[in-house]
Amino acid sequence: MDNITYKAAGVNIDAADAMKKQLSADVSSRGLAHCAPLNRVGAFASLVSLDLSSYKNPIFVLKTEEPGSKQMLSIDNDRIEWIARDLINHLVNDIIVMGVTPCAVLDTIICGKMEGDKVLRLVRAMSAACLENGCILVGGETSEQPGVLPAGRYILQASILGIVDKDKIIDGAGIKNGDALLALASNGLHTNGYSLVRKLMETKPAIMDESIGGEKFIDAILAPHTSYAVSVKSLVENRSGDIHGMAHITGGGMRDNLARILRGGARAEIDLSAVRIPRVFGVIRKYANAGDDDMLRTFNNGVGMILVVDGAAAGEVEKSLLDIGTEAYRIGRITGAPEGSSSEGGESAPGEVVYHNTLHWDS
């Protein structure tokens, strides 16, 4: 009778163990002032010490994210470090919009075949991105699953723990009439719209010959997701009273994501003619023959985050952002919000986002 081993079935435990030993120094050996690991890779779970001394009523914040079909394009084109950065930056952006301080991240890497070099590059890049965002990668899971995924295919995911004082949560409850909408510029697609882009690459391969600001099309669409952690941290620390809401612009575009923080009948009026659209979106629109409605629902079109700020302080907030290197500009205002709106007493009626004028495309 043939002896069928786990290795013969496609899973090499020895190779996985050797690779995980190399990860140890990259994953959990570094601590920050507010967050530090207490054990190392190989434990059944990660122990993390949090400094809560500056929090009156600490609230823990949890979030999970994955980078969608962009990960296939990135790995196939050897932009491994880029997709790792995408994953962390997107994850961090999702929690900082609530005024949260990022703390600890766990990653998951599922692959059809354990390619040690690729896995090491992914984890090292995620760890570096975490440190840049003020948090740490403390562990995770790497799983070889032949038969579930073919060799060379990966599914990436990560989860984050953050912390915020209860009375400093930014959730849109303070949004009021006259507040200004500030756009924080994106550097491209970030992590949304890639199923459409992949379809264009398949059916209209001439798009691959396009040059975007001197870059190849593939490099323009795979540019790592912008992180707004430094900018938002500065605002939360120095101008928290002026920031009434923040929305990370992901799938669903400006309308769907901004609506998530509106309540009490508040209306956000966006001037589409003010939106600064990077050329890559115009190229995609041309090849897809897409209407503005489809583009607005599928992509961020150059707006990576929207801040809802006190109207009287908008100019100063905008200058503060520009001073630290973040492109910020006004795209609209809030109307119809009830006076003294509050999150106390349960959820109120949702608000709405209204578009005015038209987008200006550079294709």
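Just above sits the structure.
Presented here is a report on the structure given in the accompanying data block. (Residues numbered from 1 in each chain as written. Predicted model: local features only at pLDDT ≥ 70, side-chain atom pairs only at ≥ 80, totals over all residues. Heavy atoms only, no water.)

Across its full length, the protein holds eleven helices and 14 strands. By the burial criterion, 49% of the 363 residues in the protein qualify as buried. Here the analysis covers contacts within the protein between residues at least 6 apart in sequence; of these, 84% occur between residues at least 24 apart. As presented, the protein carries roughly 16,500 Å² of accessible surface, and 50% of it is formed by carbon and sulfur atoms. (Helix = DSSP H or I, 4+ residues; strand = E, 2+ residues; numbered from the N terminus. Buried < 20%, exposed > 50% of the residue type's maximum accessible area, 1.4 Å probe, protein only. Contact = heavy atoms within 4.5 Å. Areas by Shrake-Rupley, 256 points an atom, 1.4 Å probe, with all protein chains shown as cover.)

To continue, consider the pairing of strand β5 (residues 136–144). Within a regular beta strand, the side chains point alternately toward one face of the sheet and then the other, so they alternate between its two faces. Among the nine residues in β5, seven count as buried, and that is most of the element. Pairing analysis gives eight bridges linking strand β4 (residues 101–111) to β5, with the strands arranged parallel. When the bridges of β5 are listed, leucine 106 appears paired with glycine 139. Viewed along the sheet, the connection from β4 through helix α4 (residues 116–132) into β5 turns out right-handed. (Pairing = 2+ DSSP bridges. Right-handed = clockwise from strand over helix to strand, strands pointing away.)

Attention now moves to the pattern of salt bridges. Oppositely charged side chains can pair when the atoms bearing their charge come close. Taken as a whole and assessed by the stated rule, the structure comprises 21 salt bridges. Arginine 279 serves as the salt-bridge partner of glutamate 210, at 3.7 Å between the closest nitrogen and oxygen. Of this pair, glutamate 210 sits in the loop between α5 (194–203) and β8 (211–212) while arginine 279 sits in helix α9 (residues 279–288); the two residues are 69 residues apart in sequence, bridging distant segments of the chain. We classify glutamate 210 as buried; its relative accessible area is 14%. Residues aspartate 256 and arginine 297 are paired through a salt bridge, measuring 2.8 Å at the closest nitrogen-oxygen approach. One end of the pair, aspartate 256, is in helix α8 (residues 253–259); the other, arginine 297, is in helix α10 (residues 292–298), and 41 residues separate them in sequence. (Salt bridge = Lys/Arg side-chain N within 4 Å of Asp/Glu carboxyl O.)

The sheet built from six strands is open, its strands ordered β10-β12-β7-β13-β11-β14 with mixed pairing. The sheet is open, and its two borders are formed by β10 (243–248) and β14 (352–356), each paired with just one other strand. Looking at each pair of strands side by side, their axes are set apart by 25° on average, direction ignored. Here strand β7 (residues 180–185) runs beside strand β13 (residues 328–335); their pairing, made up of five bridges, is antiparallel. In the sheet register, leucine 182 faces β13, and the bridge partner there is arginine 330. Contacting β7, β10, β12 (303–309) and β13, helix α11 (residues 314–323) crosses the sheet at an angle of about 150° to β13. (Axes fitted to C-alpha atoms, helices over the stretch in contact; angles between N-to-C directions.)

Its location among the elements puts asparagine 301 in the loop between α10 and β12. The exposure class assigned to asparagine 301 is buried, which follows from its relative accessible area of 1%. Of the polar contacts made by the side chain of asparagine 301, one reaches the backbone oxygen of methionine 295; its length is 2.9 Å. Only 3.2 Å separates the side chain of asparagine 301 from the backbone oxygen of phenylalanine 299, close enough to count as a polar contact. Beyond its immediate sequence surroundings of up to four residues, asparagine 301 is in contact with Val275, Arg276, Ile277, Pro278, Phe281, Met295, Leu296 and Trp361. (Polar contact = N/O pair within 3.5 Å; in protein donor to acceptor, adjacent residues only side chain to side chain.)

Despite not being glycine, aspartate 78 has its phi angle at roughly 55°, a positive value. Its place among the elements puts aspartate 78 in the loop between α2 (70–76) and α3 (80–96). Judged by relative accessible area, aspartate 78 falls into the partly exposed class, the value being 43%. With a phi angle near 60°, histidine 190 is a residue other than glycine that sits in the positive phi range. Along the chain, histidine 190 turns up in the loop between β7 and α5. Classification of histidine 190 as buried rests on a relative accessible area of 1%.

A word on the packing of aromatic side chains. Overall, the coordinates contain one aromatic pair when judged by the stated rule. When the ring centre of tryptophan 82 is taken as reference, the NZ or CZ atom of arginine 79 above it lies at 5.3 Å. The cationic tip of arginine 276 hangs over the ring face of tyrosine 329; the distance from NZ or CZ to the ring centre is 4.0 Å. (Phe/Tyr/Trp six-rings, centres within 6.5 Å; stacked < 30°, edge-to-face > 60°. Lys NZ or Arg CZ within 6 Å of the ring centre and 35° of its normal.)

Turning next to α5. Every buried residue of α5 is accounted for by Tyr194, Val197, Leu200 and Met201. When α5 is viewed along its axis, its buried side chains cluster within an angular range of 115° and face the same direction. Each element contacted by the buried residues of α5 is listed here: α2, α6 (217–222) and α9. (Arc of directions from axis to C-beta.)

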